[in-house]
There are 2 protein chains.
Amino acid sequence: MKSQRLKYIFLTALLFAVTAVHAANPLPSWNNTAVKQEIISFVETVSIADSADFVPESARIAVFDNDGTLWSEQPMYFQLAFILDRLKDMAPQHPDWQKNELFAAALNGDLKTVASGGEHALLTLTTATHASMTTDEFAATVAEWIKTAKHPKTGMLYTEMVYQPMLELLDYLRANGFKIFIVSGGGIDFMRVFAEDVYGVPPEQIIGSSIQLQFEMRGDTPVIKRLPKINFINDKEGKPVGIQMHIGRRPIAAFGNSDGDLQMLQWTDGGKGAHFCLYVHHTDAEREWAYDRDSHIGKLDKGLREAKKKGWTVVDMKKDWKQIFPFETEQ
Amino acid sequence: MKSQRLKYIFLTALLFAVTAVHAANPLPSWNNTAVKQEIISFVETVSIADSADFVPESARIAVFDNDGTLWSEQPMYFQLAFILDRLKDMAPQHPDWQKNELFAAALNGDLKTVASGGEHALLTLTTATHASMTTDEFAATVAEWIKTAKHPKTGMLYTEMVYQPMLELLDYLRANGFKIFIVSGGGIDFMRVFAEDVYGVPPEQIIGSSIQLQFEMRGDTPVIKRLPKINFINDKEGKPVGIQMHIGRRPIAAFGNSDGDLQMLQWTDGGKGAHFCLYVHHTDAEREWAYDRDSHIGKLDKGLREAKKKGWTVVDMKKDWKQIFPFETEQ
């Protein structure tokens, strides 16, 4: 009995110790640099009740870009990998694709030709693979792919290529009463399939690009069809618009990594109360990738200049992040 | 000391008694009819952990129409009253309106002519009064109007003409882990101004019709402009589409009052797990209004037939509601 009791006391003490450590160090994968202090200082400023910059919980809205901010986006947007895999699966039913320059290039993995077609080419491939089925069928297709497809460089599942420091940041913000929205150029119904499991962000807090939908009754069964037409591009100037459409109030914190996020950060920066803008700068060619001004994917040029001018926080991945991917701890 | 102690015991007993009454009768303005039992039975079915039809909290999504379901919609949609008031305010800057049949009719309160123009006329008046300003300016205009404008028949504020039984239902659902969304044909940014105060529903849980938005920097100030172009009509087939766009999963409970809500109820009814569909039928000409098949506003015809066929719950306002408006208790 006595040893049982001692064991109990020991475990309780351990529990308290762990709790204390957690509270003292809420972002363990972040190095103790200025960036980490800026984040903590902002969160305390808005969430401590007697702070002059206190923000009520209902207004603590934080928006996060996805590609390059929450997970990697090299050597191509992960949703493009999904598109290429879908094209291969669908090709037998579409013999005409081999005669089409764009589709043939995509099927042969010739990304250079695909990229040379710009946004228009990408949208053509998107509607060809994301439409002409019901919302339930599309969700099932993405769910199957995301469970099995592997990243070409690391061999990891795409959902394993998320940033450990950002997962901790999401948890830290939620623990302090923030409501998190993902605001991405990626497909809204693509992200919804995995975002709740991977980031703890439910479908109704995902904002993204979309194709047109149509409701219809098939006999006694209601379905929502996905039409091969773009509805909304949630990128650049589209991001504040998507935020207004879905959230209806201005975020007080915004996190991005590219010029495509600039307007979202500007919109957040224009708020009257306390607010916080952060760019993730990809500087770690060894553990992840290093790119900015000259990159076709996740180009960060104007944004970096604006961040300097406005005093926004910039994460130097190499310097500020102790660990990048969750799987690193297992190595 | 003794009397202090007795007082404490008394107060504690009172507290328990009140709590018990509240738990036993969560919907005090609902008469003890079958409808009330159907609501309570559904909520218990999905929220009691060992129920066969248990639904985890994150999936307990309930959608409510607004006009005619949460507040009145006679003698005209309240947002139309806002449009008419705005037209009068703006008329001095638009002398040409007097020469236009539709605008002149609207300015003279000739609702018959306005109505004869159908949806197109209504959209023309909407864009004329809801656009060509920033989102902040529009919200300020609505906020000022909703604080002061009075209903032509009752003389009450429009926000006082909400249904007490539905306010209790919103509270009851929230207390049982539901997340409430308003899914209305009305303007999304119109409703957001008052829905949090009046219904406890935050801006990010409002879905409605919208006009196009555009982000721009005015010097160093970011603004979102409202363009004079319709973006989306959240009515009829639009409602399930709006639900998919904003929520991304199927509701398990849907509440409406007109044929404009039919597709939302059908979509909810098509779900695999336990679900609940309810129509509010306006049957009380004395305390509110009585209308259905032949009404231009809130027409309920197909919906009533479908409700019968599918076994949906139908509220007979006269019979099922003990009280209609919150202000009745003060009379």
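Scroll up for the structure.
Owing to the predicted nature of the structure, the values given are computational and were not obtained by experimental measurement.

**Q** Please explain the overall build of chain A as it appears in this structure.
**A** Of regular secondary structure, chain A possesses 13 helices and nine strands. Its C-alpha atoms give chain A a radius of gyration of 22 Å, within 12% of the compact-globule value 20 Å for 331 residues. With respect to the three principal axes, the spread of C-alpha positions in chain A is 75 × 60 × 50 Å. Here the analysis covers contacts within chain A between residues at least 6 apart in sequence; of these, 65% occur between residues at least 24 apart. Just so you have it, chain A exposes about 15300 Å², and 54% of that area is on carbon and sulfur atoms. For chain A, the distance from the average site of its 35 positive side-chain charges to the average site of its 42 negative ones is 3 Å.

**Q** In this structure, what is going on with the interface of chain B and chain A? I would like to understand it.
**A** By convention, interface size is frequently given as the accessible area that disappears when the constituent parts associate. The partner chain A presents 41 residues to the 41 residues of chain B that form the contact. Overall, the association of chain B and chain A removes approximately 3200 Å² of surface from exposure, summing both partners, and the carbon and sulfur fraction of that is 57%. Counting the surface chain B buries against chain A, the share from its top three residues, E204(B), F215(B) and M245(B), is 22%. At the junction of chain B and chain A, the tally comes to eight salt bridges. Between chain B and chain A we count 16 residue pairs in polar contact (both at pLDDT 80 or more) in total. Every element with two or more residues in the side of chain B that touches chain A is listed here: α7 (135-148), β3 (179-187), α9 (188-199), β4 (206-218), β5 (221-232), α10 (238-246), α11 (262-269) and α12 (302-310) of chain B. Among the elements that line the side of chain B that touches chain A, the one with the most residues is β4(B), at six residues. For the side of chain B that touches chain A, the residue count by class is 17 nonpolar, twelve polar and twelve charged.

**Q** When you look at helix α8 (residues 164-175) of chain B in this model, what are you seeing that I'm missing?
**A** Given 3.6 residues to a turn, an α-helix orients residues that are three or four positions apart in the same direction. Residues and elements named next belong to chain B. With twelve residues, α8 should reach 16 Å at 1.5 Å per residue; the first-to-last C-alpha distance of 17 Å fits that figure. The buried fraction of α8 is high, at nine of twelve residues. Listed in full, the buried residues belonging to α8 are Q164, P165, M166, L167, E168, L169, L170, Y172 and L173. On its buried face, α8 is in contact with α2 (34-47), β1 (61-64), β3, α9, β6 (253-256) and β7 (276-281). Directly beyond the C-terminal end of α8, a positive phi value near 85 degrees is found at G177.

**Q** What's the story with unusual backbone geometry in this structure? I'm lost.
**A** Note on backbone geometry: most residues besides glycine have negative phi, and most peptide bonds are trans. All names here are of chain A. Put simply, Q74 and P75 share a cis peptide bond, and its omega is -5 degrees. Along the chain, P75 falls in the loop between β1 (61-64) and α3 (78-90). Within the chain, S132 stands out as a residue other than glycine whose phi angle is a positive 60 degrees. Non-glycine residue K236 carries a positive phi angle of around 50 degrees.

**Q** Looking at this structure, how should I read the sheet that holds β6(B)?
**A** Strand order in this open sheet of eight strands is β2-β5-β4-β3-β1-β6-β7-β8 (chain B), and the pairing throughout is mixed. The open sheet terminates on both sides in strands that have one partner only, identified here as β2 (133-134) and β8 (313-316) of chain B. Across four bridges, β7(B) lies against β8(B) in parallel orientation. Residue pairing for β8(B): Y279(B) is matched across the bridge by V314(B). Across the face of the sheet, helix α10 (residues 238-246) of chain A comes into contact with β4 and β5 of chain B while running at roughly 150 degrees to β4(B).

**Q** Looking at this structure, I do not really get the relation of the copies chain B and chain A. What am I missing?
**A** Relating the two copies of this chain is a rotation about some axis coupled with a shift parallel to it. Of the two same-sequence chains, chain B is brought onto chain A (RMSD 0.0 Å, axial shift 0.0 Å) by a rotation of 180 degrees. The superposition operator between the copies reduces to a two-fold rotation axis. Of every C-alpha in chain B, the one belonging to H246(B) sits nearest the axis of rotation, 3.2 Å from it. Interface overlap between copies is the fraction of interface residues in one copy that are interface residues in the other; for chain B against chain A it reaches 100%, indicating a shared surface.

**Q** Just to check I follow, could you spell out the pairing of strand β3 (residues 179-187) of chain A for this structure?
**A** Side chains on a regular strand alternate between the two faces of the sheet. Residue and element names in this part refer to chain A. With seven of its nine residues buried, β3 lies for the most part within the structure. As defined by bridge partners, β1 adjoins β3 across four bridges and the pair is classed as parallel. Its bridge partner being in β3, F64 is matched across the sheet by I182.

**Q** Sorry, what's going on with the packing of aromatic side chains here?
**A** Note on aromatic pairs: each is described by the distance of the centres and the angle between the planes. Applying the stated criterion to the full structure yields 40 aromatic pairs over all chains. Where F325(B) meets F327(B), the ring centres are 5.0 Å apart and the plane angle is 10 degrees; that geometry is what we call stacked. Assessed through its relative accessible area of 12%, F327(B) is described here as buried. Taken together, the ring pairs in this structure connect W71(A), F78(A), F82(A), F138(A), W145(A), Y158(A), F190(A) and F194(A) into an aromatic cluster. The ring centre of F138(A) lies 3.8 Å from the NZ or CZ of R226(A), which sits over that ring.

**Q** Would you explain the packing of helix α3 (residues 78-90) of chain B against helix α6 (residues 118-130) of chain B in this entry?
**A** For any two helices packed against each other, one specifies the crossing angle of their axes together with the interaxial distance. Residue and element names in this part refer to chain B. Where α3 contacts α6, the two axes come as close as 9 Å, and the packing angle between them is 55 degrees. For the element pair α3 / α6, the angle class is oblique. Regarding α3 and α6, the two cross each other, and that crossing is left-handed. Residue-level contacts link Q79, L80, F82, I83, R86, L87 and M90 of α3 to L122, L125, T126, A128, T129 and H130 of α6. Classifying every residue of the contact of α3 with α6 by side-chain character gives eight nonpolar, four polar and one charged.

**Q** Would you mind going over the pattern of salt bridges with me for this structure?
**A** Pairs can form between side chains of opposite charge once their charged atoms are near each other. The full count for this structure, using the stated rule, is 38 salt bridges over all chains. Its salt-bridge partner being D301(A), residue R293(A) comes within 3.1 Å of it at the nearest N-O pair. Residue E306(A) is joined to K310(A) by a salt bridge in which the shortest nitrogen-to-oxygen separation is 3.3 Å. Placement of both E306(A) and K310(A) in helix α12 (residues 302-310) is noted, with a separation of four residues, approximately one turn of the helix. Using a relative accessible area of 12% as the deciding quantity, one classes E306(A) as buried. When its relative accessible area of 25% is taken as the criterion, K310(A) is described as partly exposed. Connected through shared salt-bridge partners, K179(A), R249(A), E196(B) and E204(B) make up one network.

**Q** Can you walk me through the nonpolar core in this structure?
**A** The tendency in soluble globular proteins is for nonpolar side chains to be buried side by side. All names here are of chain A. In terms of nonpolar packing, the biggest core is built from 76 residues, with F64, M166, L169, Y199 and F255 touching the most fellow members. Per-element accounting of this core gives the leading share, eight residues, to α3. For Y199, the residues in contact, after removing those within four places along its chain, are N66, L70, W71, V162, L167, L170, R174, I182 and F194.

**Q** When you look at the pairing of strand β7 (residues 276-283) of chain A in this model, what are you seeing that I'm missing?
**A** Residue and element names in this part refer to chain A. When you tally the buried positions in β7, you get seven out of eight residues, the bulk of the element. As judged from the four bridges shared by strand β6 (residues 253-256) and β7, these two strands associate in the parallel manner. Bridging from a neighbouring strand, G256 pairs with Y279 of β7. At this point the chain moves from β6, through helix α11 (residues 262-269), to the parallel β7, and the crossover so formed is right-handed. Of the strand pairs in this sheet, β7 and strand β8 (residues 290-291) are connected by two bridges, and their pairing is antiparallel.

Criteria and thresholds
- Per chain, residue numbering runs from 1 following the sequence as it is written.
- Starting at A for chains and at 1 for ligands, labels are handed out in the order in which the entities are written.
- Thresholds applied to this predicted model are a pLDDT of at least 70 for local features of residues and 80 or more for the giving and counting of side-chain atom pairs; totals over whole chains, interfaces and linings are not thresholded and use all residues.
- The side-chain numbers reported here are obtained from all heavy atoms of the structure, hydrogens and water having been left aside.
- The helix count covers DSSP runs of H or I at least four residues long, the strand count covers runs of E at least two residues long, and both are numbered beginning at the N terminus.
- In this setup the radius of gyration rests on C-alpha atoms only. A globule is expected at 2.2 Å times the number of residues raised to 0.38.
- We call two residues contacting when some pair of their heavy atoms lies within 4.5 Å.
- Exposure was quantified through the Shrake-Rupley algorithm and a 1.4 Å probe, taking into account, for residues, occlusion by the shown protein chains and nothing else.
- For the purpose of charge, His is not counted, nor are the chain termini; Lys and Arg are scored as positive and Asp and Glu as negative.
- To locate a charge, take atom NZ for lysine, CZ for arginine, CG for aspartate or CD for glutamate.
- Summed over both partners, the accessible area (1.4 Å probe) lost when two parts come together is defined as the buried area.
- Salt bridge, as used here: a side-chain nitrogen of Lys or Arg that lies within 4 Å of a carboxyl oxygen of Asp or Glu.
- In protein, a polar contact means a hydrogen-donor-capable atom and an acceptor-capable atom, both N or O and within 3.5 Å, with residues adjacent in sequence counting only if both atoms are side-chain atoms; elsewhere, any N or O pair within 3.5 Å suffices.
- Residue polarity is assigned by list, with Asp, Glu, Lys and Arg as charged and Ala, Val, Leu, Ile, Met, Phe, Trp, Tyr, Cys and Pro as nonpolar; anything else, Gly included, falls into the polar class.
- What a helix should span is 1.5 Å times the count of its residues minus one.
- Here's how the labels work: a residue is buried when its accessible area is under 20% of the maximum for its type, exposed when over 50%, partly exposed in between, all with a 1.4 Å probe on protein chains only.
- Between any two strands, at least two bridges found by DSSP are needed for them to pair.
- Axis definition: a line fit to C-alpha positions, over the contact stretch in the case of helices; interaxial angles, taken between N-to-C directions, run 0 to 180 degrees.
- The fit set for superposing copies consists of C-alpha atoms from residues with pLDDT of at least 70 in both; the fit itself is least squares.
- In this scheme Phe, Tyr and Trp rings, the latter by its six-membered ring, pair at centre separations within 6.5 Å, and the angle between planes marks the pair as stacked below 30 degrees, edge-to-face above 60, and tilted otherwise.
- Put simply, a charge is over a ring when the Lys NZ or the Arg CZ is close to the ring centre, within 6 Å, and near the line of the ring normal, within 35 degrees.
- Roughly parallel here means an angle under 35 degrees, roughly antiparallel means over 145, roughly perpendicular means 65 to 115, and every remaining angle is called oblique.
- Helix crossings are classified by the rotation of the near helix relative to the far one: an anticlockwise turn of less than a right angle makes the crossing left-handed, while a clockwise turn makes it right-handed.
- Residues enter a nonpolar core if they are buried and are Ala, Val, Leu, Ile, Met, Phe, Trp, Tyr or Cys, with the set joined through side-chain atoms within 4.5 Å.
- Note on handedness: a clockwise path from strand one over the helix to strand two, with the strands aimed away from the viewer, defines a right-handed crossover.

Nothing here speaks to function; it is all geometry.
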